There are 2 protein chains.
Amino acid sequence: MKTRIYLLSFLLLAISGIQAQESLWSLTDAESPVINKDGSVTFYYADPAAESVSVSGDFLPPATIDTPSGKMEVQGSAALARDENGVWSYTTAPLAPELYAYTLTVNGVRMLDPANVYVNRDVSSLMNIFIVSRAENDKGDLYSVNDVPHGNVSKVWYDSPSLKMKRRMTVYTPAGYEDGKDYPVLYLLHGAGGDEDAWPTLGRTAQIMDNLIAAGKAVPMIVVMPNGNVNCEAAPGEWSKGMYKPTFEGSLKLDPKPLASMDESFKDIVEYVESHYKVAKDRQHRAVCGLSMGGGHSFAIANRYPGMFDYVGLFSAGLHIHEQAGFDKFYDFLKADKDIQDKLAAVFAAKPALYWIAIGNTDFLYQQNSDLRRFLDEKGYGYEYLETDGGHIWRNWRVYLTEFAQRVFK
Amino acid sequence: MKTRIYLLSFLLLAISGIQAQESLWSLTDAESPVINKDGSVTFYYADPAAESVSVSGDFLPPATIDTPSGKMEVQGSAALARDENGVWSYTTAPLAPELYAYTLTVNGVRMLDPANVYVNRDVSSLMNIFIVSRAENDKGDLYSVNDVPHGNVSKVWYDSPSLKMKRRMTVYTPAGYEDGKDYPVLYLLHGAGGDEDAWPTLGRTAQIMDNLIAAGKAVPMIVVMPNGNVNCEAAPGEWSKGMYKPTFEGSLKLDPKPLASMDESFKDIVEYVESHYKVAKDRQHRAVCGLSMGGGHSFAIANRYPGMFDYVGLFSAGLHIHEQAGFDKFYDFLKADKDIQDKLAAVFAAKPALYWIAIGNTDFLYQQNSDLRRFLDEKGYGYEYLETDGGHIWRNWRVYLTEFAQRVFK
């Protein structure tokens with residue numbers, strides 16, 4: 001007890017001294033953003049010398065700009081107003097529960113909010129985030145860290161003989177894992193431009209799973225988030241290529257060329273998980289799902305290993321496309337290609353417990369997914385379908401994970 | 001193989017469409033910084049409309065400014081020059097191998113480099129980082145992710161009965177952990193304002209350990225990085241207090257008041273580790289060390305559990321201070337306080353294999369650590385001492401970890 005008081009005193013004495021030296025600089029004393037009780041959000045930026053300050057974010061009505069290839073929707077923005085002390089602020093209308101992202105523009109320069117250390121990376125862009133939560137089990141609440149038991153999140157290096165690489169994946173093990181056994185496994189795949197850090201950060205996987213499990217809405221499960229770029233060992237900066245700049249197509253540019261596809265090499269991941277974790281090794285305890293490219297991977301994995309996964313989830317999936325075909329020719333491809341027909345026949349002959357397709361009604365991959373559904377309908381292959389508002393965005397993928405996680409292993 | 005080609009084609013077709021929607025925005029196409037072959041570094045900032053651009057960082061000579069309490073050293077800065085295309089740049093002199101941190105100032109506003117996604121958080125400040133590495137086993141090389149076997153890094157929730165909390169810590173397990181047994185454990189503690197994310201990010205713990213172990217310079221060991229703020233469950237944003245703004249003294253302000261000190265509650269951490277990991281449970285396989293407040297914690301932990309740790313490391317330690325005493329009265333305190341004398345007598349009666357003190361010659365805690373050494377010398381208590389240039393900064397703490405990790409468990 002005495003020791004503790006001494007250490008606290010030490011701390012209070014030491015703050016000014018250490019602060020000056022330990023932090024390289026302290027960018028601001030402002031608190032921003034502030035989530036107000038009614039769900040509105042106030043942004044503050046303290047800079048008497050600034051000439052203009054605005055905020056851009058996905059909570060503002062989008063703007064339309066002209067580009068050489070036509071009109072394009074971009075992030076909406078709103079001006080902050082300056083008070084007599086040089087503190088700029090802007091308050092939104094009350095926002096629906098959600099995780100939102102934004103940046104500031106100060107004197108014409110786009111930047112992060114210096115008062116907000118909560119940042120997500122999406123490919124090469126950093127953006128500040130905040131969460132609006134207004135009631136238990138609303139989206140904001142599901143994406144928040146609540147006072148519930150928490151699972152562990154690990155960055156795990158596994159061996160991939162197919163790719164002749166050690167590779168890195170993120171593994172969520174649910175609270176109480178130490179004392180349990182025979183867990184089911186959800187394999188959760190990211191999109192193009194992403195990596196094994198995408199779902200845990202942008203997708204709020206651990207928070208969603210902690211909250212669903214604590215509420216009894218999902219069963220305790222392991223969630224495995226591998227890296228879907230088969231010529232990369234790990235996320236940018238996390239393997240020996242150094243701190244390269246991530247780009248949307250970046251992994252494709254890197255040497256060496258991959259030795260196998262994601263679906264070909266996926267067996268390495270399952271083998272590692274099933275030999276290193278306390279899991280049940282049968283189809284009833286395996287689910288695979290993913291977004292965009294990861295939806296395409298999930299489709300290909302299900303096709304390659306029919307009967308291996310009782311649950312398949314395609315989130316805004318970028319599906320297997322004929323090399324010369326556009327996005328809207330997928331039905332023609334399915335009708336013409338014997339190989340894919342045989343594969344899908346095998347998948348559905350094995351009677352998956354749930355084949356689940358979800359997409360937003362303005363997604364640029366909407367037609368392709370409609371084509372798949374048309375083909376499945378014609379064949380009488382059973383699946384379930386969720387259509388939401390919106391496009392090819394994380395806001396939808398978090399919802400799809402939330403929905404799918406409640407449907408599997410039950 | 002066909003599938004793979006299709007997916008690649010899909011990707012290349014899809015890039016423009018997804019890019020516009022998946023990334024909320026793309027801040028820049030520039031590549032910055034660029035590490036040149038001679039170890040100089042060039043910063044680029046592409047903005048024809050900018051009026052002034054400068055870079056501030058710990059690789060530039062510090063500047064001295066006047067403050068109400070006297071002259072103070074601050075980060076040095078250098079102006080970027082604009083070329084005819086509106087691309088601004090600045091090239092440093094060749095830099096010594098090191099991990100460096102910086103920000104940009106554009107039109108008078110301090111901000112992160114929009115071309116660099118590699119960011120560290122120190123308390124409430126974000127800063128860009130880069131690494132200069134010029135030869136094998138130089139500091140830059142030790143801090144880089146190299147083509148060597150990698151350990152896993154996990155965020156682990158453990159039970160702390162002393163604090164009546166579930167708490168979060170970071171655990172590094174070395175490459176090959178699955179196949180080994182009887183590992184030694186290094187407990188590595190952060191400073192005030194820090195948390196369980198500080199050593200893994202600012203301290204480059206996993207990289208240093210991977211590289212030292214691969215070179216045969218350190219033995220494979222588990223490194224446990226707990227949260228030293230005993231009224232917090234976890235780092236800011238990672239527990240149910242929400243996305244609050246981290247501050248240097250932040251954890252002290254939070255309710256409830258802690259139920260025990262770090263040293264009192266430390267047994268919970270050791271008990272968890274020794275019951276959940278494949279470790280040897282004896283003093284020869286336990287080391288405790290930490291920086292600043294964490295050095296004070298290590299001192300207090302060693303004092304509370306004499307003979308429990310064969311290795312004790314104090315890095316720029318903020319030591320046990322008499323409540324009313326200043327930083328420079330520690331010797332007087334040691335001479336006057338029977339309790340601390342008894343504790344130190346017990347620690348050294350148990351003959352630790354290594355009691356190691358390290359500090360920079362301009363550290364504001366230099367006198368306090370000199371006072372401890374004077375007292376130990378007078379008592380004839382054996383210890384080793386490393387004095388480096390510089391102050392109370394991560395650059396030193398990474399060096400101390402590198403040195404200490406090579407001295408333990410041998």
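None of the values given here were measured: they were computed from a predicted structure. (Residues numbered from 1 in each chain as written. Chains lettered and ligands numbered in written order. Predicted model: local features only at pLDDT ≥ 70, side-chain atom pairs only at ≥ 80, totals over all residues. Heavy atoms only, no water.)

Enquirer: I'd like a description of the overall build of chain A, backed by residues and values.
Expert: Secondary structure assignment for chain A yields 11 helices and 20 strands. A buried classification covers 62% of the 410 residues belonging to chain A. Pairs at least 24 apart in sequence give 72% of the contacts found in chain A among residues at least 6 apart. (Helix = DSSP H or I, 4+ residues; strand = E, 2+ residues; numbered from the N terminus. Buried < 20%, exposed > 50% of the residue type's maximum accessible area, 1.4 Å probe, protein only. Contact = heavy atoms within 4.5 Å.)

Enquirer: So, the nonpolar core: which residues are in play, and what are the values?
Expert: If you look at the biggest cluster of nonpolar residues, it comprises 86 residues, and the most contacted ones within it are Phe315 and Phe404 of chain A together with Phe315 and Phe404 of chain B. Non-local contacts of Phe315 of chain A, meaning those with residues more than four positions away in its chain, are made with Leu188, Trp199, Cys289, Gly290, Leu291, Ser292, Trp356, Ala358, Trp397, Tyr400, Leu401 and Phe404 of chain A. (Core = buried A, V, L, I, M, F, W, Y, C linked by side-chain atoms within 4.5 Å.)

Enquirer: Kindly report on the packing of aromatic side chains, identifying the contributing residues and their values.
Expert: Residue and element names in this part refer to chain A. Taken as a whole, this structure holds 54 aromatic pairs over all chains when the rule is applied. Judged by centre distance (6.0 Å) and plane angle (50 degrees), the ring pair of Tyr158 and Tyr272 falls under tilted. With Tyr158 in strand S13 (residues 152-160) and Tyr272 in helix H6 (residues 262-276), this pair connects stretches of sequence that are 114 residues apart. Exposure class is identical for Tyr158 and Tyr272. Each is buried. Seen in terms of ring centroids, Phe315 and Tyr400 are 5.9 Å apart; in terms of plane orientation they differ by 70 degrees. Their pairing is edge-to-face. (Phe/Tyr/Trp six-rings, centres within 6.5 Å; stacked < 30°, edge-to-face > 60°.)

Enquirer: I'd like a rundown of the sheet that holds strand S2 (residues 41-46) of chain A, residues and numbers included.
Expert: Residue and element names in this part refer to chain A. Read from one edge to the other, the open sheet built from 4 strands follows the order S1-S2-S8-S7, with strand pairing classed as antiparallel. Edge strands, defined here as strands with exactly one partner in the open sheet, are strand S1 (34-35) and strand S7 (81-82). Bridge analysis of S2 against strand S8 (residues 87-91) gives 5 bridges, and the strand direction is antiparallel. The residue of S8 that forms the bridge with Tyr44 is Ser89. (Pairing = 2+ DSSP bridges.)

Enquirer: Explain the pattern of salt bridges to me, and be specific about the residues and the numbers.
Expert: Residues and elements named next belong to chain A. Per the counting criterion, the structure on display carries 38 salt bridges over all chains. As a salt-bridge pair, Asp58 and Arg395 come within 3.7 Å of each other at their nearest N and O atoms. Of this pair, Asp58 sits in the loop between strand S3 (53-57) and strand S4 (63-67) while Arg395 sits in helix H11 (residues 394-407); the two residues are 337 residues apart in sequence, bridging distant segments of the chain. Of the residues examined, Asp58 reaches a relative accessible area of 24% and is grouped as partly exposed. The class for Arg395 is partly exposed, based on a relative accessible area of 24%. A salt bridge links Arg374 to Glu378; its shortest N-O distance comes to 3.4 Å. Of this pair, Arg374 and Glu378 are both found in helix H10 (residues 366-379), 4 residues apart, which corresponds to roughly one turn of the helix. (Salt bridge = Lys/Arg side-chain N within 4 Å of Asp/Glu carboxyl O.)

Enquirer: Describe the side chain of Asp195 of chain A, naming the residues involved and giving the relevant values.
Expert: All names here are of chain A. By secondary structure assignment, the location of Asp195 is in the loop between strand S15 (185-189) and helix H3 (198-201). Within polar-contact distance, the side chain of Asp195 engages the backbone nitrogen of Asp197 at 2.8 Å. Setting aside chain neighbours within four positions, we find Asp195 in contact with Arg121, His190, Asn227, Asn229, Ala235 and Pro236. (Polar contact = N/O pair within 3.5 Å; in protein donor to acceptor, adjacent residues only side chain to side chain.)

Enquirer: Describe the packing of H6 of chain A against helix H7 (residues 293-304) of chain A, with residues and values.
Expert: Residues and elements named next belong to chain A. Taken N-terminus to C-terminus, the directions of H6 and H7 make an angle of 75 degrees; their axes are 9 Å apart at the nearest point. When the interaxial angle is binned, H6 and H7 end up roughly perpendicular. Packed against H6, whose contacting residues are Met262, Asp263, Glu264 and Phe266, the element H7 presents His297, Ala300, Ile301 and Arg304 at the interface. In terms of residue class, the contact of H6 with H7 is made up of 4 nonpolar, 1 polar and 3 charged. (Axes fitted to C-alpha atoms, helices over the stretch in contact; angles between N-to-C directions. Parallel < 35°, antiparallel > 145°, perpendicular 65-115°, else oblique. Nonpolar A, V, L, I, M, F, W, Y, C, P; charged D, E, K, R; others polar.)

Enquirer: Any chance you could break down the confidence of the model for chain A for me, citing the residues and the numbers?
Expert: All names here are of chain A. For chain A, mean pLDDT is 90; residues scoring 70 or higher make up 89% of the total. Here residues 1-27 is modelled with pLDDT under 50, and outside its nearest four sequence neighbours on either side it reaches 75 contacts, counting other chains as well. The complex prediction reports pTM at 0.93, with the ipTM value standing at 0.92. (pLDDT = per-residue confidence, 0-100.)

Enquirer: Give a detailed account of the sheet that holds strand S2 (residues 41-46) of chain B, specifying residues and quantitative values.
Expert: Residues and elements named next belong to chain B. Pairing within the open sheet is antiparallel, and its 4 strands lie in the order S1-S2-S8-S7. Looking at which strands have only one partner, the edges of the open sheet turn out to be strand S1 (34-35) and strand S7 (81-82). As judged from the 2 bridges shared by S7 and strand S8 (residues 87-91), these two strands associate in the antiparallel manner. Bridge pairing in S8 places Ala81 opposite Ser89.

Enquirer: Please provide a residue-by-residue account of the pairing of strand S11 (residues 119-122) of chain B, values included.
Expert: Residues and elements named next belong to chain B. Of the two faces of S11, only the one carrying Asn120 and Asp122 is buried; Val119 and Arg121 on the other face are not. Pairing geometry for S11 and strand S12 (residues 125-132), over 4 bridges, is antiparallel. Among the inter-strand pairings, Asp122 is bridged to a residue of S12, identified as Ser125. Following S11, the chain reverses through 2 residues before pairing antiparallel with S12; Val123 in that reversal takes a positive phi of roughly 55 degrees.

Enquirer: Account for the packing of helix H4 (residues 205-214) of chain B against helix H11 (residues 394-407) of chain B, with residues named and values stated.
Expert: To describe two helices that pack against each other, one gives the angle between their axes and the distance between the axes. Residue and element names in this part refer to chain B. Running from N to C, H4 and H11 cross one another at 35 degrees; their axes reach a closest spacing of 11 Å. For the element pair H4 and H11, the recorded crossing hand is right-handed. Across the interface between the two elements, Thr205, Ile208, Met209 and Leu212 from H4 touch Arg398, Leu401, Thr402, Ala405 and Gln406 from H11. Looking at the contact of H4 with H11 residue by residue, the classes come out as 5 nonpolar, 3 polar and 1 charged. (Left-handed = near helix turned anticlockwise from the far one by under 90°.)

Enquirer: Please provide a residue-by-residue account of unusual backbone geometry, values included.
Expert: Residue and element names in this part refer to chain A. Residue Ser32 is joined to Pro33 through a cis peptide bond whose omega torsion reads -5 degrees. Secondary-structure assignment places Pro33 in the loop between helix H1 (2-22) and S1. One non-glycine residue, Lys164, lies in positive phi territory at about 50 degrees. As for its position among the elements, Lys164 is in the loop between S13 and strand S14 (165-173). Within the chain, Asp182 stands out as a residue other than glycine whose phi angle is a positive 55 degrees. Inspection of the secondary structure assignment puts Asp182 in the loop between S14 and S15.

Enquirer: With reference to specific residues and values, describe H7 of chain A.
Expert: Each α-helix winds once per 3.6 residues, and so residues spaced three or four apart point in a common direction. The end-to-end C-alpha distance of H7 of chain A is 16 Å, a good match for the 16 Å that 12 residues give at a rise of 1.5 Å each. Taking burial as the measure, the 12 residues of H7 of chain A include 11 buried ones, the bulk of the element. (Expected span 1.5 Å × (residues − 1).)

Enquirer: Quick rundown of the pairing of strand S16 (residues 222-225) of chain A? Include the residues and the values.
Expert: Residues and elements named next belong to chain A. What you see with S16 is no split at all: Ile222 and Val224 on one side and Val223 and Met225 on the other are buried throughout. Bridging between S14 and S16 involves 3 bridges; their strand directions are antiparallel. Bridge pairing in S16 links Val171 to Val224. In this sheet, S16 lies alongside S15 in parallel orientation, the contact comprising 3 bridges. The residue bridging Leu186 from the neighbouring strand is Val223, located in S16.

Enquirer: Describe in detail the environment of Phe375 of chain B, supporting the description with residues and values.
Expert: All names here are of chain B. Counting through the fold element by element, Phe375 comes out in helix H10 (residues 366-379). On the basis of relative accessibility, which here comes to 2%, the residue Phe375 falls in the buried class. Sequence-wise, Phe375 and Leu259 are 116 residues apart; in three dimensions their C-alpha atoms are separated by 32 Å.

Enquirer: Describe in detail the environment of Tyr277 of chain B, supporting the description with residues and values.
Expert: All names here are of chain B. With respect to the element layout, Tyr277 can be found in the loop between helix H6 (262-276) and strand S17 (286-291). The sequence separation of Tyr277 and Lys181 amounts to 96 residues, and the corresponding C-alpha distance is 8.9 Å. Apart from the residues lying within four places of it in its own chain, the contact partners of Tyr277 are Val156, Val171, Thr173, Tyr177, Ile222 and Tyr272.

Enquirer: A description of the environment of Asp210 of chain A should follow, citing residues and the corresponding values.
Expert: All names here are of chain A. Looking at the element boundaries, Asp210 is found in helix H4 (residues 205-214). With 63 residues separating them in the primary sequence, Asp210 and Asp147 have C-alpha atoms 9.8 Å apart. Among the polar contacts made by the side chain of Asp210, one reaches the main-chain amide nitrogen of Gly151 at a distance of 2.9 Å.

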